[in-house]
Amino acid sequence: METIKNNRFCIVTIVAVSKDFIIGDGNQMLWYLPNDLKRLKSITLGNPLIMGRKTFDSIGKPLPGRANIILTNKRNLKDDIQLEKYFVQNFEDAVIKANDWINKKFKKNEQSTKKIFIFGGGEIYKLALNFCNQIELTLVDINLKKGVYFPFIDKKKWKKKLIQKIEGNESYPPHSFWVYNRK
Ligand SMILES: NC(=O)c1ccc[n+]([C@@H]2O[C@H](COP(=O)([O-])OP(=O)(O)OC[C@H]3O[C@@H](n4cnc5c(N)ncnc54)[C@H](OP(=O)(O)O)[C@@H]3O)[C@@H](O)[C@H]2O)c1
(Lines give C-alpha, C1' and ligand atoms only; values in the text may rest on other atoms or scores of the structure.)
Protein backbone atom coordinates (compact mmCIF):
# COMPACT_ATOMS: atom_id res chain seq x y z
CA MET A 1 0.00 0.00 0.00
CA GLU A 2 2.96 2.37 0.62
CA THR A 3 3.60 2.55 -3.16
CA ILE A 4 0.08 3.89 -3.72
CA LYS A 5 0.96 7.00 -1.68
CA ASN A 6 3.51 7.90 -4.34
CA ASN A 7 1.40 6.76 -7.26
CA ARG A 8 2.44 8.23 -10.60
CA PHE A 9 -1.10 9.46 -11.29
CA CYS A 10 -2.84 11.73 -8.82
CA ILE A 11 -5.64 9.99 -6.90
CA VAL A 12 -8.67 12.25 -6.50
CA THR A 13 -11.89 11.70 -4.57
CA ILE A 14 -15.02 13.04 -6.23
CA VAL A 15 -18.14 13.30 -4.10
CA ALA A 16 -21.34 15.20 -3.39
CA VAL A 17 -22.34 15.59 0.27
CA SER A 18 -25.19 17.10 2.25
CA LYS A 19 -24.36 19.68 4.95
CA ASP A 20 -24.09 16.78 7.41
CA PHE A 21 -21.78 14.87 5.03
CA ILE A 22 -24.29 12.23 3.93
CA ILE A 23 -23.71 10.87 0.41
CA GLY A 24 -26.74 8.63 -0.15
CA ASP A 25 -29.21 6.27 1.50
CA GLY A 26 -27.26 3.08 0.73
CA ASN A 27 -29.01 2.50 -2.61
CA GLN A 28 -29.01 5.83 -4.36
CA MET A 29 -28.11 9.49 -4.11
CA LEU A 30 -30.71 11.76 -2.53
CA TRP A 31 -30.68 14.66 -4.99
CA TYR A 32 -30.62 15.34 -8.72
CA LEU A 33 -28.25 18.17 -9.65
CA PRO A 34 -27.86 18.66 -13.42
CA ASN A 35 -24.96 21.13 -13.00
CA ASP A 36 -23.14 18.69 -10.77
CA LEU A 37 -23.60 15.84 -13.27
CA LYS A 38 -22.19 18.03 -16.05
CA ARG A 39 -19.22 18.97 -13.89
CA LEU A 40 -18.64 15.37 -12.84
CA LYS A 41 -18.65 14.25 -16.48
CA SER A 42 -16.23 16.95 -17.65
CA ILE A 43 -13.82 16.30 -14.76
CA THR A 44 -13.78 12.50 -15.04
CA LEU A 45 -14.04 11.87 -18.81
CA GLY A 46 -10.97 10.02 -20.16
CA ASN A 47 -9.88 8.87 -16.71
CA PRO A 48 -10.34 5.72 -14.65
CA LEU A 49 -12.96 5.52 -11.87
CA ILE A 50 -12.68 3.28 -8.83
CA MET A 51 -15.99 2.45 -7.17
CA GLY A 52 -17.66 -0.05 -4.85
CA ARG A 53 -19.95 -2.76 -6.21
CA LYS A 54 -23.00 -1.15 -4.54
CA THR A 55 -22.33 2.20 -6.22
CA PHE A 56 -21.85 0.44 -9.56
CA ASP A 57 -25.16 -1.38 -9.10
CA SER A 58 -26.92 1.87 -8.24
CA ILE A 59 -25.60 3.51 -11.45
CA GLY A 60 -26.69 0.40 -13.34
CA LYS A 61 -24.21 0.56 -16.23
CA PRO A 62 -20.57 1.43 -16.91
CA LEU A 63 -20.00 5.15 -17.54
CA PRO A 64 -18.72 5.61 -21.09
CA GLY A 65 -15.34 7.15 -21.91
CA ARG A 66 -13.89 6.08 -18.58
CA ALA A 67 -12.55 2.85 -17.07
CA ASN A 68 -15.08 1.53 -14.54
CA ILE A 69 -13.05 -0.35 -11.93
CA ILE A 70 -15.33 -2.04 -9.43
CA LEU A 71 -14.27 -3.37 -6.03
CA THR A 72 -16.06 -6.55 -4.95
CA ASN A 73 -15.40 -9.66 -2.90
CA LYS A 74 -17.46 -11.67 -5.39
CA ARG A 75 -15.35 -13.88 -7.64
CA ASN A 76 -17.94 -14.69 -10.30
CA LEU A 77 -18.34 -11.25 -11.92
CA LYS A 78 -16.95 -10.95 -15.44
CA ASP A 79 -15.02 -8.03 -16.93
CA ASP A 80 -16.39 -6.45 -20.09
CA ILE A 81 -13.46 -4.98 -22.01
CA GLN A 82 -15.73 -3.42 -24.65
CA LEU A 83 -17.63 -1.45 -21.99
CA GLU A 84 -14.44 -0.91 -19.96
CA LYS A 85 -15.89 -2.59 -16.88
CA TYR A 86 -13.36 -4.35 -14.66
CA PHE A 87 -13.76 -6.16 -11.33
CA VAL A 88 -11.00 -6.21 -8.70
CA GLN A 89 -10.81 -7.73 -5.22
CA ASN A 90 -8.78 -5.14 -3.31
CA PHE A 91 -7.84 -1.46 -3.41
CA GLU A 92 -4.22 -2.01 -4.43
CA ASP A 93 -5.32 -4.02 -7.48
CA ALA A 94 -7.81 -1.26 -8.31
CA VAL A 95 -5.00 1.33 -8.45
CA ILE A 96 -2.78 -1.05 -10.46
CA LYS A 97 -5.65 -1.61 -12.94
CA ALA A 98 -6.20 2.16 -13.21
CA ASN A 99 -2.48 2.79 -13.84
CA ASP A 100 -2.36 0.01 -16.48
CA TRP A 101 -5.47 1.36 -18.20
CA ILE A 102 -3.94 4.84 -18.52
CA ASN A 103 -0.62 3.39 -19.72
CA LYS A 104 -2.28 1.24 -22.40
CA LYS A 105 -4.84 3.78 -23.57
CA PHE A 106 -2.80 6.98 -23.74
CA LYS A 107 0.53 7.96 -25.23
CA LYS A 108 3.23 9.10 -22.79
CA ASN A 109 2.72 12.78 -23.68
CA GLU A 110 -1.03 12.50 -23.01
CA GLN A 111 -0.59 10.97 -19.57
CA SER A 112 0.55 13.99 -17.56
CA THR A 113 -3.00 15.28 -16.94
CA LYS A 114 -4.48 11.88 -16.08
CA LYS A 115 -6.03 11.29 -12.68
CA ILE A 116 -7.55 8.31 -10.92
CA PHE A 117 -10.98 9.12 -9.47
CA ILE A 118 -12.38 7.59 -6.31
CA PHE A 119 -16.06 7.43 -7.21
CA GLY A 120 -17.61 6.12 -3.99
CA GLY A 121 -19.54 4.97 -2.14
CA GLY A 122 -18.98 5.20 1.59
CA GLU A 123 -16.88 2.05 1.97
CA ILE A 124 -14.57 2.99 -0.88
CA TYR A 125 -14.15 6.62 0.25
CA LYS A 126 -13.11 5.25 3.66
CA LEU A 127 -10.57 2.90 2.07
CA ALA A 128 -9.12 5.48 -0.29
CA LEU A 129 -9.16 8.92 1.34
CA ASN A 130 -5.75 8.42 2.93
CA PHE A 131 -4.22 7.91 -0.51
CA CYS A 132 -5.87 10.94 -2.14
CA ASN A 133 -4.11 14.21 -2.92
CA GLN A 134 -7.28 16.07 -3.81
CA ILE A 135 -11.05 16.06 -3.18
CA GLU A 136 -13.55 17.47 -5.68
CA LEU A 137 -16.50 18.09 -3.39
CA THR A 138 -20.02 19.30 -4.13
CA LEU A 139 -21.71 20.64 -1.01
CA VAL A 140 -25.48 20.32 -1.27
CA ASP A 141 -27.30 22.81 0.91
CA ILE A 142 -29.63 20.35 2.64
CA ASN A 143 -29.63 18.49 5.94
CA LEU A 144 -30.27 14.73 6.02
CA LYS A 145 -30.21 12.95 9.30
CA LYS A 146 -29.79 9.38 8.07
CA GLY A 147 -27.71 7.65 5.43
CA VAL A 148 -24.19 6.70 4.34
CA TYR A 149 -21.56 9.18 5.57
CA PHE A 150 -18.44 10.52 3.87
CA PRO A 151 -15.40 10.06 6.18
CA PHE A 152 -14.24 12.93 8.39
CA ILE A 153 -12.11 15.55 6.57
CA ASP A 154 -9.44 16.73 8.99
CA LYS A 155 -9.10 20.54 8.52
CA LYS A 156 -5.49 20.32 9.68
CA LYS A 157 -4.62 18.12 6.69
CA TRP A 158 -6.67 19.75 3.92
CA LYS A 159 -6.98 23.25 2.48
CA LYS A 160 -10.30 23.99 0.75
CA LYS A 161 -11.10 26.44 -2.02
CA LEU A 162 -14.51 27.53 -3.29
CA ILE A 163 -14.88 27.13 -7.06
CA GLN A 164 -18.51 28.08 -7.73
CA LYS A 165 -21.86 28.58 -6.01
CA ILE A 166 -25.07 27.51 -7.74
CA GLU A 167 -28.41 29.04 -6.72
CA GLY A 168 -31.24 26.64 -5.98
CA ASN A 169 -34.61 26.59 -7.75
CA GLU A 170 -37.84 24.58 -7.64
CA SER A 171 -36.01 21.52 -9.09
CA TYR A 172 -32.83 21.43 -6.99
CA PRO A 173 -31.31 22.86 -3.80
CA PRO A 174 -28.47 25.40 -3.73
CA HIS A 175 -25.05 23.77 -3.93
CA SER A 176 -21.40 24.74 -4.27
CA PHE A 177 -18.26 23.22 -5.80
CA TRP A 178 -15.11 22.99 -3.67
CA VAL A 179 -11.60 21.64 -4.23
CA TYR A 180 -9.64 20.34 -1.24
CA ASN A 181 -5.88 19.96 -1.59
CA ARG A 182 -3.77 18.02 0.87
CA LYS A 183 -1.55 20.44 2.86
N1 LIG B 1 -22.88 11.41 -3.14
C2 LIG B 1 -21.95 10.85 -3.87
O3 LIG B 1 -21.08 11.51 -4.44
C4 LIG B 1 -21.93 9.35 -4.02
C5 LIG B 1 -21.00 8.70 -4.83
C6 LIG B 1 -21.03 7.32 -4.91
C7 LIG B 1 -21.97 6.61 -4.20
N8 LIG B 1 -22.86 7.25 -3.42
C9 LIG B 1 -23.86 6.53 -2.62
O10 LIG B 1 -23.16 5.68 -1.71
C11 LIG B 1 -24.04 4.61 -1.35
C12 LIG B 1 -23.29 3.31 -1.49
O13 LIG B 1 -22.17 3.30 -0.60
P14 LIG B 1 -21.82 1.99 0.28
O15 LIG B 1 -20.77 2.37 1.27
O16 LIG B 1 -23.09 1.41 0.78
O17 LIG B 1 -21.27 0.96 -0.81
P18 LIG B 1 -20.02 1.05 -1.86
O19 LIG B 1 -18.84 1.63 -1.18
O20 LIG B 1 -20.50 1.65 -3.13
O21 LIG B 1 -19.79 -0.50 -2.17
C22 LIG B 1 -19.52 -1.40 -1.15
C23 LIG B 1 -19.11 -2.72 -1.75
O24 LIG B 1 -17.81 -2.61 -2.30
C25 LIG B 1 -17.10 -3.84 -2.14
N26 LIG B 1 -15.95 -3.61 -1.29
C27 LIG B 1 -15.79 -2.71 -0.29
N28 LIG B 1 -14.56 -2.80 0.25
C29 LIG B 1 -13.92 -3.78 -0.43
C30 LIG B 1 -12.62 -4.35 -0.35
N31 LIG B 1 -11.70 -3.89 0.54
N32 LIG B 1 -12.29 -5.34 -1.18
C33 LIG B 1 -13.19 -5.80 -2.09
N34 LIG B 1 -14.43 -5.29 -2.23
C35 LIG B 1 -14.79 -4.30 -1.41
C36 LIG B 1 -18.10 -4.82 -1.52
O37 LIG B 1 -18.78 -5.42 -2.62
P38 LIG B 1 -19.42 -6.91 -2.58
O39 LIG B 1 -20.60 -6.79 -1.66
O40 LIG B 1 -19.78 -7.18 -4.00
O41 LIG B 1 -18.33 -7.81 -2.05
C42 LIG B 1 -19.03 -3.88 -0.76
O43 LIG B 1 -20.30 -4.43 -0.50
C44 LIG B 1 -25.24 4.72 -2.27
O45 LIG B 1 -26.31 5.37 -1.59
C46 LIG B 1 -24.75 5.61 -3.41
O47 LIG B 1 -25.80 6.30 -4.05
C48 LIG B 1 -22.87 8.61 -3.32
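For the structure itself, look to the data block above.
Residues numbered from 1 in each chain as written. Predicted model: local features only at pLDDT ≥ 70, side-chain atom pairs only at ≥ 80, totals over all residues. Heavy atoms only, no water.

Side note on helix 2 (residues 34-44)
Along helix 2, the residues that are buried comprise Asp36, Arg39 and Thr44. Looking straight down helix 2, one finds that the buried residues subtend no more than 110° of arc, so they occupy a single side. Exposed residues lying more than 90 degrees from the buried face of helix 2 are Lys38 and Ser42. In this fold, the buried residues of helix 2 make contact with strand 1 (10-18), strand 3 (48-52), strand 6 (115-118), strand 7 (134-140), strand 9 (158-166) and strand 10 (175-182). With its phi angle positive at about 85°, Gly46 sits one or two positions after the end of helix 2. (Buried < 20%, exposed > 50% of the residue type's maximum accessible area, 1.4 Å probe, protein only. Helix = DSSP H or I, 4+ residues; strand = E, 2+ residues; numbered from the N terminus. Arc of directions from axis to C-beta. Contact = heavy atoms within 4.5 Å.)

Section: the pattern of salt bridges
All told, the structure shown has 4 salt bridges when counted by the stated rule. Among the ionic pairs, Arg53 bridges to Asp57, the shortest N-O distance being 2.9 Å. Of the two residues, Arg53 and Asp57 both sit in helix 3 (residues 53-59), 4 residues apart, roughly one turn of that helix. The exposure class assigned to Arg53 is partly exposed, which follows from its relative accessible area of 24%. Of the residues examined, Asp57 reaches a relative accessible area of 45% and is grouped as partly exposed. (Salt bridge = Lys/Arg side-chain N within 4 Å of Asp/Glu carboxyl O.)

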